Amino acid sequence: MEKYTSRVINGAAVARRLQNITMRPNTRYMSDKVISHLKSCPVSKDDITAAEDIYGPNLGLLKGKTPRTNVEHVRSWTNPVSRDILKLHKSIAL
């Protein structure tokens, strides 16, 4: 973040906020389509690329588009305790 001025950082924050408000479109679609359709939009394409560089990819965008993978079921079982051990140790609860 040292390579950006405070004005660029503020513009990147506004761009990220706008990206979240407009249901998190990807960066390319945001810079090509969304900004051109909004009248008097305070965000420029440079702000969007700076936001991508400063904050990284939008996590809400990634989480919404990442498919969930099924985890393999883990079986659990118990080993029976022998009767001799149970007779010797009646008062122990397992």
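This text follows the structure it describes.
Please read these numbers as outputs of a predicted model, since none were measured by experiment.

**Student:** Hey, could you run me through the overall build of the chain in this one?
**Tutor:** A count of helical and extended segments in the chain gives 5 helices and 0 strands. Relative to the globule expectation of 12 Å for 94 residues, the C-alpha radius of gyration of the chain, 28 Å, shows a markedly less compact shape. Along the longest, intermediate and shortest principal axes, the C-alpha atoms of the chain span 85 × 30 × 20 Å. Burial analysis of the chain (94 residues in total) assigns 22% to the buried set.

**Student:** Explain the pattern of salt bridges here, please?
**Tutor:** Here the idea is simple: oppositely charged side chains can pair when their charged atoms come close. Within the structure shown, the criterion is met by 2 salt bridges. Here D53 makes a salt bridge to K3, at a shortest N to O gap of 3.2 Å. Of this pair, D53 sits in helix α3 (residues 45-55) while K3 sits in the segment before α1 (6-21), and the two are 50 residues apart along the sequence. For D53, a relative accessible area of 41% corresponds to the partly exposed category. Looking at K3, the relative accessible area reads 66%, which means it is exposed.

**Student:** How should the nonpolar core be read in this particular structure?
**Tutor:** Generally speaking, a soluble globular protein has its nonpolar side chains buried in company with each other. Core analysis: the largest hydrophobic core is formed by 12 residues, namely I9, A12, A15, L18, M30, V34, I35, V43, I48, A50, A51 and I54. Once you skip the residues sitting within four places of it in the chain, A12 turns out to touch D47, A50, A51, I54 and Y55.

**Student:** In this structure, what is going on with unusual backbone geometry? I would like to understand it.
**Tutor:** Most peptide bonds are trans, and most residues other than glycine sit at a negative phi. For M23, which is not glycine, the phi dihedral falls at a positive 65 degrees. Turning to its location among the elements, M23 is positioned in the loop between α1 and α2 (27-37). Given the relative accessible area of 75%, M23 is considered exposed. Of note in the backbone geometry, R24 takes a positive phi value of approximately 55 degrees without being a glycine. You can see R24 is positioned in the loop between α1 and α2. What makes R24 partly exposed here is its relative accessible area of 36%.

**Student:** Could you clarify how one ought to interpret a nonpolar patch on the surface in this entry?
**Tutor:** A contiguous nonpolar patch, built from V81, I85 and L86 and spanning about 250 Å² of accessible area, is present on the exposed surface. By the secondary structure assignment, I85 is in helix α5 (residues 83-88).

**Student:** How should I be thinking about the side chain of N58 in this particular structure?
**Tutor:** Mapping N58 onto the fold places it in the loop between α3 and α4 (59-65). Here N58 falls in the buried class, since its relative accessible area comes to 6%. From its side chain, N58 meets the backbone nitrogen of G60 in a polar contact 3.2 Å long. Every residue in contact with N58, bar those within four places of it in the chain, is listed here: R16, Q19, N20 and R24.

Thresholds, definitions, all that
Throughout this description, residue numbers start from 1 for each chain and increase along the sequence as written. Only residues with pLDDT of at least 70 get local features here, since the model is predicted, and only at 80 or more are side-chain atom pairs given and counted; chain-wide, interface and lining totals rely on the full set of residues. In computing side-chain values, all of the structure's heavy atoms are included and hydrogens and water are not. Secondary structure elements are defined from DSSP: runs of H or I of at least 4 residues count as helices, runs of E of at least 2 residues count as strands, and each element is numbered from the N terminus. With the radius of gyration taken over C-alpha atoms, the globule rule is written as 2.2 Å times the number of residues to the power 0.38. Each residue gets one of three labels from its accessible area relative to the maximum for its type: buried under 20%, exposed over 50%, partly exposed in between, using a 1.4 Å probe on protein chains only. Each salt bridge in this description consists of a side-chain nitrogen of Lys or Arg and a carboxyl oxygen of Asp or Glu lying within 4 Å of one another. Side-chain atoms within 4.5 Å link the members of a nonpolar core, which is a set of buried Ala, Val, Leu, Ile, Met, Phe, Trp, Tyr and Cys residues. Contact criterion: two residues are considered in contact whenever any of their non-hydrogen atoms come within 4.5 Å of each other. A residue counts toward a patch only above 30% relative accessible area and without a salt bridge, and it is joined to like-charged neighbours within 9 Å or, for Val, Leu, Ile, Met, Phe, Trp and Tyr, to nonpolar neighbours within 5 Å. For the accessible areas, the method is Shrake-Rupley and the probe is 1.4 Å, while residue cover comes only from the protein chains on display. N or O atoms closer than or at 3.5 Å make up a polar contact, with two conditions inside protein: a donor-capable atom paired with an acceptor-capable one, and, for residues adjacent in sequence, both atoms drawn from side chains.

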